[in-house]
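Working through the structure, step by step
This is what each chain is made of:
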Amino acid sequence: MARPTPAPLPRGLGIEIDRSVRFTDEGHVLVGGTPPRALRLPATGVGSVIRGISGARPTDLDERILARTLVEAGLAHPRPAPAALDERTRIVLIGRGGAIDPAALITTLDLIAEHHPGARPLVVGATGIAARTARARGARTVDGPTGGPGALAAALAVCDGEFLALLEAGAEPSPGWLENALGHFVDPDVAAVIPRTLAVRRPLGPSGMTVAALHALRADRGADPAPVLPWGHGHRGRGRPSPPEEHGAADPLEPVRVLVARRAAVRVSHDAGELAGTDLVWRAAEEGWSVRYEPRSRVRLPMPDGIGTYLRSRFVHAAEGGATARRYGRWATGPEMSPHGLVALLSVLGGRPVSGLVIGAAGAALTARGLTGEAGAPTLEAVRPAVVDLTSAGRAGARTARTTWWPVLAGMVVAGAAAGAGGRRRGLVRGAFLAGAVLTVPHLASWRRRRGTATVGPLGWTALAVAGDAACALGTWWGVARSGSLAPLIPRVRSPLFSTSLESPQVGAGSEGSRTKSSWGSHVSES
C-alpha cells in the first residue's frame, strides 16, 4: 500500500540516526527503531544519510523529504542548531508543593542571569520575602497559585511571547539548556520540547539520597532524543521512542516539571492537578502537534527526599490515570505490546515459562520475517531488532504488572510460599517464584548498576522500590474506582505484522512547487 508523501523537514533541521538503527546491505537498508522497521534507501538516499550523520543539514527538497521519512519511521530524530534567546521567549518560574522558597528562587534566578543576562523572568505566586527577592534580581512577579494549572493560567494571562520556558523555583539550568530546546521550534509542527531532568547535587542522609535517587530514575528520560507520545499517540507518522531505561519515565503519568512550549499550542486543563504539564503535552498531541524530548537541554531539579513524600507521589500520580483516560476518551492506556508479546508474558506470569518463551520466539521470527519484506533486510540483521522488541515488550509488561497488578503478584508469592511449606502444588510454587522475580529482580539490577553511588544495600533499595510499586498499584486501582474507567488496566495491542512501501517524490528542475513521482522508491517494512 503506497503511503502519502510526507512534508519535507524544515530548513535548518538536521537529523540524528536512532541509536538502535543498523545499516545493512552496504548502507542501503536501515533496520531498527521501536517497534522495529526496515527502510531501503536509493543510491542518492544513502549519500544523504551519510551527510546527515556527518552533521550536514539537508537542503534540497529530496533530502528534506527523506529526512522527514526517517523521523516519522522512528529511525532518526531531528537535531536542530541551537537558537538564541530573544524577545519572543519568556521564562516563567513556578513553585511545587507550597510556597516558593526564597533560597531556591535565588539559585534559579542567579543561574538564569548568568546564562541569559538580558532575560527578565516572571515568577508566579511569590509572596513576602520570595517576592521581594525576585524583584530585587530584576524579575517580574504575578499573583496566583504557586503551581498546577492555576500557575500556568496566570503566566499565560500576562506573557505575550511566542514561546514559554517553564521552570520550577530551585531548578539549576545548565548552559545551553534553552538554546537547544528553542532550536526545535524552527519546525512549525512542534508544540513543546521537554528537556532532560537530572537531580540537583546536595548533601542528604542515606535514606534521603536513596529516595531522591529513585525519584530521579523516574524523572530522567535518558540520553537519547525521542518523540514524546502519550499512550502511543503519534503525529503524522508512526514513530515511537526507543526503549526507555528500566526505571526511566516510560510512565506517561510522570509529571513534566520543565517545559519549553509554543504559546499558541498551550491549553490549560484546570482539573489536571499536579499533572498540569503532562496534560498540556497530551492535549497538544491530541490536537496534532509534535512534542520532542531533547537530552542536550539539561536542567537539574531538587528531588523529594522523604519516604512519605515518595510513596504519596507514586500513589497520587497513578490515581490520575483513570480520570485522564476518561477526559481523553481512551479505553486502553496500558503498555503497547504486540499480540505475541502479550500472550507470552501472560504465559510466563501464569507459571508456564517454557510456553511463553516458545510463543515469544515464534512472534519474534514473524517480526524478523516482516522486516525482510519489501525493504529486503538481511535475515540475520532482522533477527536482532525483533529480539530487542520482544525483550522491550517483556520489560514494559513486567513493569506494568508490578506497578498495576502488584496485589495479584504479591498474593501469588504468599500462596506459593504457603504451598511450598506444605509440600504440595509445585505449580503454585513455580508461579510464586516468577511473581517474586518480577517484583524484585529489576530493582536489584537497578541497584547493581548504581552500586558505586548507592548509599544503601540491595535489600534496602529493593524494599523501598517495591513499596513504591505497591503505592503506584494502589493509586491506579483507586483512580479506576473513582473515575469508573478501566483504561489503566487494559494493555494496548499493537497491530499484527504487516509491510508497506513508501514512494518518495523527486523534485524536477529544483523547484519545490513542481513535485513529480520519482523513479526510485524508499520501501518501509514495519512490525
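In this numbering scheme, every chain counts its residues from 1 along its sequence in written order. Whole-chain, interface and lining totals are the exception, using all residues; otherwise, since this is a predicted model, local features are given only for residues with pLDDT of at least 70 and side-chain atom pairs are given and counted only at 80 or more. Side-chain figures throughout are based on the complete set of non-hydrogen atoms in the structure, without hydrogens or water.

**A word on unusual backbone geometry**
The cut-off we apply is this: A run of H or I in DSSP counts as a helix once it spans at least four residues, and a run of E counts as a strand once it spans at least two, with each numbered from the N terminus. A 1.4 Å probe rolled over the protein chains alone gives each residue an accessible area, and that area as a share of the maximum for its type sets the label: buried under 20%, exposed over 50%, partly exposed in between.
With a phi angle near 50 degrees, Asp 25 is a residue other than glycine that sits in the positive phi range. Within the secondary structure, Asp 25 is located in the loop between β3 (22–24) and β4 (29–32). Asp 25 gets classed as partly exposed once you look at its relative accessible area, which sits at 36%. With phi around 60 degrees, Glu 26 is a residue other than glycine that occupies positive phi space. Here Glu 26 lies in the loop between β3 and β4.

**Notes on the pairing of strand β7 (residues 89–94)**
Here is the rule: Paired strands, in this sense, are two strands between which DSSP finds at least two bridges. Consider the strands pointing away from the viewer: the crossover is right-handed when the path from the first strand over the helix to the second runs clockwise.
Summarising burial for β7: five of the six residues are buried, a large majority. Two strands pair when backbone bridges link them, and β7 and strand β10 (residues 163–168) are joined in this way by six bridges, in the parallel orientation. Within β10, the residue paired with Ile 94 across the bridge is Glu 168. In this structure, β7 lies alongside strand β8 (residues 122–124), joined through two bridges in parallel fashion. Across the sheet, residue Leu 93 finds its bridge partner in β8, namely Val 123. Read from β7 through helix α3 (residues 102–115) to β8, the crossover connection turns out right-handed.

**Here's the deal with the confidence of the model for the protein chain**
Selection criterion: Per-residue confidence from the prediction method is given by pLDDT, with values spanning 0 to 100. Residue contacts are defined here by distance: any two heavy atoms, one from each residue, within 4.5 Å place the two residues in contact.
Residue-level pLDDT values for the protein chain average 81, and 86% of them are 70 or greater. Across residues 232–250, where pLDDT falls below 50, the model places 68 contacts with residues more than four positions away in sequence or in other chains. With pLDDT under 50 throughout, residues 497–521 is counted as low confidence; its partners more than four residues away or in other chains account for 65 contacts.

**Regarding the nonpolar core**
Stated formally: Each nonpolar core is a collection of buried residues, namely Ala, Val, Leu, Ile, Met, Phe, Trp, Tyr and Cys, held together in the definition by side-chain atoms within 4.5 Å.
Counting 32 residues, the largest nonpolar core has Leu 105, Val 123, Leu 167 and Val 260 as the members making the most contacts within it. For this core, the secondary structure elements donating two or more residues are β7, α3, α4 (128–136), β10, α6 (177–182), β12 (190–199), α7 (206–219) and β15 (290–301). If you tally residues by element for this core, the top one is α6, at four residues.

**Section: the pattern of salt bridges**
Rules: By convention in these notes, a salt bridge is any Lys or Arg side-chain nitrogen within 4 Å of a carboxyl oxygen on Asp or Glu.
Enumeration over the complete set of coordinates arrives at 18 salt bridges. For Arg 19, the salt bridge is made with Asp 224, and the minimal N-O distance between the two is 2.5 Å. In this pair, Arg 19 sits in the loop between β2 (13–17) and β3 while Asp 224 sits in the loop between α7 and β13 (226–227), placing the two residues 205 residues apart along the sequence. A residue is classified by how much of its surface remains accessible, and Arg 19, at 62% relative accessible area, is exposed. For Asp 224, a relative accessible area of 23% puts it in the partly exposed group. Of the charged contacts, one joins Arg 314 and Asp 469 as a salt bridge, the two residues approaching to 3.6 Å between their closest N and O atoms. Highlighted residues: Arg 314 in helix α9 (residues 307–327) and Asp 469 in helix α15 (residues 458–483), separated in sequence by 155 residues. With a relative accessible area of 7%, Arg 314 lands in the buried category. Shared partners join several salt bridges into a network, and the residues in it are Asp 86, Arg 88, Glu 162 and Arg 262.

**Brief notes about the environment of Asp 305**
Mapped onto the elements, Asp 305 comes out in the loop between β15 and α9. Counting along the chain gives 100 residues from Asp 305 to Gly 205, while the straight-line C-alpha distance between them is 9.1 Å. In contact with Asp 305, other than residues within four places in its own chain, are Arg 202, Leu 204, Ser 207, Gly 208, Val 211 and Ala 212.

**As for the packing of aromatic side chains**
Rules: Two rings from Phe, Tyr or Trp (for Trp, the six-membered ring) form a pair when their centres are within 6.5 Å of each other. A pair whose planes differ by under 30 degrees is stacked, one over 60 is edge-to-face, and the rest are tilted.
In the structure shown here, the tally under the stated rule is two aromatic pairs. Measuring from centroid to centroid gives 4.7 Å for Phe 163 and Phe 185, while their planes differ by 35 degrees, and the two rings are tilted. Taken together, the residues Phe 163 in strand β10 and Phe 185 in the loop between α6 and β12 connect sequence positions 22 residues apart. When sorted by exposure, Phe 163 lands in the same class as Phe 185, which is buried. Ring centres 5.3 Å apart and planes at 80 degrees place the aromatic pair Trp 405 and Trp 477 in the edge-to-face group. Of this pair, Trp 405 sits in the loop between α12 (379–404) and α13 (406–422) while Trp 477 sits in helix α15; the two residues are 72 residues apart in sequence, bridging distant segments of the chain. Trp 477 gets classed as partly exposed once you look at its relative accessible area, which sits at 35%.

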